[in-house]
Amino acid sequence: MSSTVVAGKDVLDKPLKLLFPVWVVISLLIVLFPVYLVFMVSVAPGSALFGERPALFVEDPTLRFWNDILQRGDLWGPLFKSLAVASFTTLLAIVIAAPAAYVISRLPVGLRYGVVIGLLVTRMFPEFTIGVSVATRFARLGLIDTYGGLVLAHLIGSLPFIAWILVGTFETIPRDLEEAAQIDGASKMGTLLRVVFPLAAGGIAVASLFVWLYSWNEFLYARLLTTNQNTLPLQVFQAIDRGSRQQMATVAAVLTLPILLVVYFLQRYLKPGALAGAVKG
Amino acid sequence: MADIALESVTRKFPDGTLAVNELNLEIAEGEFVVLVGPSGSGKSTALRMIAGLEEITSGTVKIAGKVVNDLPPRDRDIAMVFQNYALYPHMSVADNMGFALKLRKVPKEDIAKRVKDAAELLGIEDYLQRKPRQLSGGQRQRVAMGRAIVREPAAFLMDEPLSNLDAKLRVQMRTEIAGLHQRLGTTTVYVTHDQVEAVTMADRVAVLRDGMLQQVDTPQRLYDYPVNLFVAGFIGSPAMNMVPARVTSKDSGAVVVFGSHEIKIPAKRLQASKLEEFKDKEVILGIRPEDFEDPDLIPERQEENLLEVKVSLSETLGSETIIYFDVDAPAVLTKDTMDLSSDASVEEAAASEPRNESTFTARLNPKTKARGGEAARLAVDASRLYFFDPTTGRVIG
Amino acid sequence: MSRSQEAAIGRPTDVAVPRVGFGRWFRKHKLEVALVIPLVAYVMVLTVVPILDTFRISLSGRAGNSFPSAQNYTSIFASRVFRTAIKNTIIVSLLSLSMELVLGMIVALTLHAKFFARGFVRTVALIPLGVPTIVSGAIMLLLFSRSGYLNSLMFVFVDLVNNIPGVNLEFQALSWTVAGGWRTLFTVAVADMWKVLPIVTLIFLAGLQSISEDVYEAASVDGATKWQRFMRITLPLLVPFITMAIILRAIDAFRIYELALVLAGRIEPVLGTYIGGRYLPPTNDPFTAASASIVLFGIIMIFIVAYLKFVAGRSRSA
C-alpha cells in the first residue's frame, strides 16, 4: 500500500474535482437517452429512421402511430388485461400475505428468520422450474388465456416478496400497542383491524405498489400461459417481433408511461435506508 | 373498584425460568400497592398476569373476588399504563383516551364528556386533537394516565410508568399520581424498580426478588423492620451499611465488634431478640446511614459508641452532609448483597481476593465539621442496629 | 394442571412453538394459524409442489413408463445448442454482474457525495427501475441494431473529434445484436446492466450511508489518502452489502430471459431462451424444458454456494 501513497494523496483530488461534473452529466445521459429514444421514435416519421445514421432528433413529429394503435383497438384488450391482472394480483397478494406476515413477525426470532429465508429461497428457483409444471397443469385445468390463471401465476412471485417486506413492517409495530388494545377491550381480530393494520398501512401501500409493478411488467408467466389474449408486455414483444419500429416504440411507451409516474411517486420510499435493515438482518 | 388477590401464583417461562414463584398477595379495595424489585425480579410478570397479558402457570388471580385466570384482558375491567405509554400513533389524544369506551359502545356524547373530564383532571385539554408524536414525554405520560382514568376501571395497573421521564418530571408526576389516587380512590398496582418511588407513593410495598415475594408492608415498617438483608439493603437511600461482625460479652455488657470498632448493645435490644443465640458467632451488622451523627451536634452528649474514623469523602447537599469512610472489615458478599447491586464490580470483588476493607456511608447534620481526608468521630444510635444471620440472610429479631 | 389453567390466556401475540402439547397450543393460537394458512398453502401448492413436479418431469422418460430416467439429461447435454446456452448464460451473467458491481459502486459513490442537485440526480438515476424489462429490450434494439442510435451517436462523436485539426478517425456502422458471438452477448449484458443498475446502486448507497462519518475522519487524521480510505475502510465495511448485491443479482442474471429473447433470439441462446423455446410451441417439449430448468437451478446454487464459501467466507476471516 505504501507505494501508492505518493500516487494517492493529492494526485486523485484534482482529476476527481474536474471529472466529477462531466461524469454526472454523462451518467444522466446514459440513463435518460434510452428513455428519450422510446418516446422520440414513437413520434418519428418513417424517413427519420433509416440508414446508418438515424436522426437523433425528430424535426417533424407525427402522432400517426399513436392514433393508429389507439384507433385500431388491439391495444385495449391487452391494456385491460394487464390492468385487471395487476390489480387483482395486488389485492390478493395483500389479503393472503399481510395477515400471514403479521403472524410471522410475531414468531420467536430464530423461527422468524427461518421462515423469511425459506420464503426468499423460493426465489432462487428459475421461474421456468416452477413455470413448466404450473403451465402444464393450468393447461389441463383450462386456465390458459384466463385472467385467473395469470393472477395465480403472478402471485407465485409476489407472495414471498410482499410477505418479506410486510414482516419488516409489522416488526416495527410495538407489541405494547396490541396489549394496550386488548386491555382497552379489543379482541385479537379487533386489535389487528383497529390498531395493527392501520399502523402498517404505509408499508402495505408501498409493498402493493411493488407487486402491482411486478405484475404489470411480468413477461415469462404471461408468455407461458397465453396463446392469444396478450398482456401489454406480450403486445410489446409482438411488436418487436413483427411490427415497425414506431409501432414497437409506441406500445412500449404505453407500457412505460404509468410506471414512470408510479416510480416517480414511489421514489421517496426507495430510500437506501429501507434496504439497510434487510442486509443486516 | 375492587380488591385483587394473588394465590400461589406461578409463572414458568418456556425456557424453564421461574419468573414468578408462588406469589401470594392481597390488595384491598382502593389500596395503592407498589411491586418493587431489581430487574428480573418478576414484578412486571406479576402485573401482566393480573392484566391477563401473561399466562398463569399455576395459582389463581382474583379480581373482586372472581377468579379471572380464564378471562381475556378485556373482560377483567382493568386499565393499564405502559412503560412506553403504548399510545396509538394513528389516533388523536381524544381518540386514544376514548378507544376503550368506543369498543364498549358507549354513546358518543358520553365518551366526549368523560374524555373531557379526564383531560381537565390531567391538564391536557388543550392537546385533545393532537397526535401522540406531537406531544412531549410528560404530556404522553398524562395521556396514558388519561386513557386509564376515562375507563373508570376496577383497578389501575401501572408498569414503570415514570421510567421514561427525566428526573425532575418524574418527581412531579409521582406527586400527581399519588394525588390522583387520593382523589379517585381506585385500587392501583404499580410496578417500579425505584425504591424511592415505591416508598413515596405506596400504601403498601411488596418487595420481590427472583420471582419470590420477600416482604410486603407499609413503607415505614419495611424501613424499620426489614425481614432480611435484601429488603434492608433495598429500602432506604443511601443504602444500609453492612459488615460482618461478632457479638460478644464484656464486663460492661454485650458488644458487637467489627474490624477495630465496637458498639455496645443496649440490654433491652439483646433481651428482646434471639441475638443471645448468636453470641460469639458471626453475624452481619447493619447500620442505616441516618443512624450516625456528629456527636457535637447531638443535644445530650453521648460518651459511648463513638467511632473514630477517617473520612475519605464528604458531599454537602445543603440539607444534609453525606460522608464516606472505610472500615477495616471485609465487605459483605452474600447473594443478598450481590442481588442488590447490578454493578458487575461487586461480583468481581467476590471472585477476587477479599479485601479487608469496606466503605460506610453516614448522613449527618449539615453543620458537621467532618471533611474529606480528616479524622472524625461519629456517634451511633445503638438502639437502631440491625443484625442478620449470615447463612440465611434473615434478620435476627 | 386443571382445566381452567389449560385455557389460560397467553401473551396475545406470542406465537411460541408448541411445547406443552399441540392441542393446547392450537386452541390458543387458532386465529394465528388461520392467518398463516393461506400463505403457507399457496407456497406449498403453487411453488413447492411445482418445483418437485418439474423435477419429476425432468426424470420422466418420453415413453412415460421409465421413471426415473436420466435420458432427458443425457440428451440435453449431448446437444450443442444446450452447451452453447450454458456457456452463454455464464458469460452474460458474469459480464453483467461485474459491470453492475463496478458501475454500481461508482454511481453509489457519486450519489453519496454531496453536490448541487443531488436529489434530482438520484431521482433520475432510479428511472430504469421503472422501465419494464421488455421495453428496455426494445430500447436496446433501437440502440444496438445496424441502423441503430448507438451508431448515430458514434458518428456524432467521431465528427466532433475530427474537428480537431490533425485528427482523422474513421467509423464503420456496426451491427451489435445480430453479429453473434461476443458482441451480441455483450449487448445483452449491457441491456441487463442498464435495467438493474439502480437496484445495485441502492444497495451500495445503503451500505455507504451505514458507515459513520467519524470513521473517515479518523482515517484522514491518521493520514490515509482518498484511495486508501476507499480500499481500507469503505470496501471492507461494504462486504455484507456487496454479498447481498451479488447474490440477489446473480440469481436474476442467470435467469435472464426477456432481454436475451429480444436481443439475441436464436443467434446466441441462453438457458432462459433455450428452455422457453423448448417448452413453447412449436417444439412443445416439457421434458427437455424441465431438465434444462433444473440444470439452470443447479448452476445458480453452485454459484451461490461457491461464492459464499470461497469469496465471502475468506474475506470475513481476513
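Everything in this summary refers to the structure shown in the same document. (Residues numbered from 1 in each chain as written. Chains lettered and ligands numbered in written order. Predicted model: local features only at pLDDT ≥ 70, side-chain atom pairs only at ≥ 80, totals over all residues. Heavy atoms only, no water.)

**Some points on the overall build of chain B**
- For chain B, the count of helices and strands is eleven helices and 20 strands.
- By its C-alpha atoms, chain B is 80 × 45 × 40 Å across when sized along the principal axes.
- By the burial criterion, 51% of the 397 residues in chain B qualify as buried.
- Look at the contacts in chain B between residues 6 or more apart in sequence, and 73% of them connect residues 24 or more apart. (Helix = DSSP H or I, 4+ residues; strand = E, 2+ residues; numbered from the N terminus. Buried < 20%, exposed > 50% of the residue type's maximum accessible area, 1.4 Å probe, protein only. Contact = heavy atoms within 4.5 Å.)

**Observations regarding the side chain of Ser93 of chain C**
All names here are of chain C.
- By the element assignment, Ser93 lies in helix 5 (residues 80-112).
- With a relative accessible area of 1%, Ser93 lands in the buried category.
- A distance of 2.7 Å separates a polar side-chain atom of Ser93 from the backbone oxygen of Thr89. (Polar contact = N/O pair within 3.5 Å; in protein donor to acceptor, adjacent residues only side chain to side chain.)

**A look at the sheet that holds strand 19 (residues 375-380) of chain B**
- As summarised here, the arrangement of the five strands in space is 15-19-16-17-18 (chain B), forming an open sheet in which the pairing is antiparallel. One side of each edge strand has no neighbouring strand; the edge strands of this open sheet are strand 15 (292-293) and strand 18 (358-364) of chain B. (Pairing = 2+ DSSP bridges.)

**Re the environment of Glu258 of chain C**
- Mapped onto the elements of the fold, Glu258 of chain C is located in helix 13 (residues 258-263).
- For the pair Glu258 of chain C and Gly148 of chain C, spaced 110 residues apart in sequence, the C-alpha to C-alpha distance is 20 Å.
- Each residue touching Glu258 of chain C, except ones within four places of it in the same chain, is listed here: Phe219 of chain A together with Thr133 and Ile134 of chain C.

**A look at the nonpolar core**
- Among the nonpolar cores identified, the biggest contains 216 residues, and Leu159 and Phe170 of chain A, Leu35 of chain B together with Ile134 and Tyr149 of chain C are the most heavily contacted of them.
- Among the elements that make up this core, the one with the highest residue count is helix 10 (residues 181-210) of chain C (14 residues).
- Each of domain 1 (2-62) and domain 2 (65-269) of chain A contributes no fewer than three residues to this core.
- Once residues within four sequence positions are removed from consideration, Ile134 of chain C is found in contact with Phe219, Pro233, Val236, Phe237, Ile240 and Leu255 of chain A together with Glu258 and Val262 of chain C.
- Val106, Val150, Ala202 and Phe234 of chain B belong to the second largest nonpolar core, which has 45 residues in total. (Core = buried A, V, L, I, M, F, W, Y, C linked by side-chain atoms within 4.5 Å. Domains from an automatic or database assignment.)

**Focus: the packing of helix 4 (residues 137-151) of chain B against helix 5 (residues 167-184) of chain B**
Residue and element names in this part refer to chain B.
- Between helix 4 and helix 5, the shortest axis-to-axis distance is 12 Å and the interhelical angle comes to 15°. Relative to helix 5, the element helix 4 lies roughly parallel. The handedness of the crossing between helix 4 and helix 5 comes out as right-handed. On helix 5, the residues touching Gly138, Gln141, Arg142, Met145 and Ile149 of helix 4 are Leu169, Gln172, Met173, Glu176, Ile177, Leu180 and Leu184.
- Looking at the contact of helix 4 with helix 5 residue by residue, the class counts come to seven nonpolar, three polar and two charged. (Axes fitted to C-alpha atoms, helices over the stretch in contact; angles between N-to-C directions. Parallel < 35°, antiparallel > 145°, perpendicular 65-115°, else oblique. Left-handed = near helix turned anticlockwise from the far one by under 90°. Nonpolar A, V, L, I, M, F, W, Y, C, P; charged D, E, K, R; others polar.)

**Some details on the interface of chain C and chain A**
- At the junction of the two partners, chain C supplies 97 residues and chain A supplies 94 residues.
- Approximately 8,700 Å² of surface area, both sides summed, lies buried where chain C meets chain A, with 75% of it carried by carbon and sulfur atoms.
- On the chain C side of the interface with chain A, the three residues burying the most area are Leu39, Tyr42 and Tyr149 of chain C, jointly 8% of the side's total.
- Inspection of the region where chain C meets chain A yields four salt bridges. (Buried area = accessible area lost by both parts, 1.4 Å probe. Salt bridge = Lys/Arg side-chain N within 4 Å of Asp/Glu carboxyl O.)

**Side note on unusual backbone geometry**
- Of note, the bond from Ser237 of chain B into Pro238 of chain B is cis; its omega dihedral lies within 30 degrees of zero at -5°.
- Within the chain, Asp145 of chain A stands out as a residue other than glycine whose phi angle is a positive 65°.
- Of note, Asp145 of chain A is situated in the loop between helix 6 (127-141) and helix 7 (147-171).
- Its identity as a non-glycine residue notwithstanding, Glu160 of chain B has a phi of 45°, on the positive side.
- Structurally, Glu160 of chain B is set in the loop between strand 7 (155-159) and helix 5.
- Residue class for Glu160 of chain B comes out buried when judged on its relative accessible area of 9%.

**Observations concerning helix 8 (residues 133-144) of chain C**
- Helix length check: helix 8 of chain C, at twelve residues, gives a terminal C-alpha distance of 16 Å against a target of 16 Å (1.5 Å per residue), a fit within 8%.
- Within helix 8 of chain C, eleven of the twelve residues are buried, leaving the element largely enclosed by the surrounding structure.
- Looking at helix 8 of chain C, one finds that the buried residues are Ile134, Val135, Ser136, Gly137, Ala138, Ile139, Met140, Leu141, Leu142, Leu143 and Phe144 of chain C.
- Structurally, helix 8 of chain C contributes buried residues whose contacts are with helix 2 (13-42), helix 11 (232-242) and helix 12 (245-266) of chain A together with helix 9 (149-162), helix 10 and helix 13 of chain C. (Expected span 1.5 Å × (residues − 1).)

**Section: the pattern of salt bridges**
- Throughout the structure, instances matching the rule amount to 29 salt bridges over all chains.
- The shortest N-O distance in the salt bridge between Arg384 of chain B and Asp291 of chain B comes to 3.2 Å. Of this pair, Arg384 of chain B sits in the loop between strand 19 and strand 20 (386-388) while Asp291 of chain B sits in the loop between strand 14 (282-287) and strand 15; the two residues are 93 residues apart in sequence, bridging distant segments of the chain.
- By relative accessible area, which is 26% here, Arg384 of chain B ends up partly exposed.
- Salt bridges linked by common partners bring Arg123 and Glu127 of chain A together with Glu100, Asp192, Arg249, Asp252 and Arg255 of chain C together as one network.

**Description of a nonpolar patch on the surface**
- On the surface, Leu18, Leu19, Val22, Ile26 and Ile30 of chain A cluster together to form a nonpolar patch covering roughly 480 Å² of accessible area.
- If you trace the backbone, Leu18 of chain A turns up in helix 2. (Patch = residues over 30% accessible without salt bridge, like charges linked within 9 Å, V, L, I, M, F, W, Y side chains within 5 Å. Areas by Shrake-Rupley, 256 points an atom, 1.4 Å probe, with all protein chains shown as cover.)

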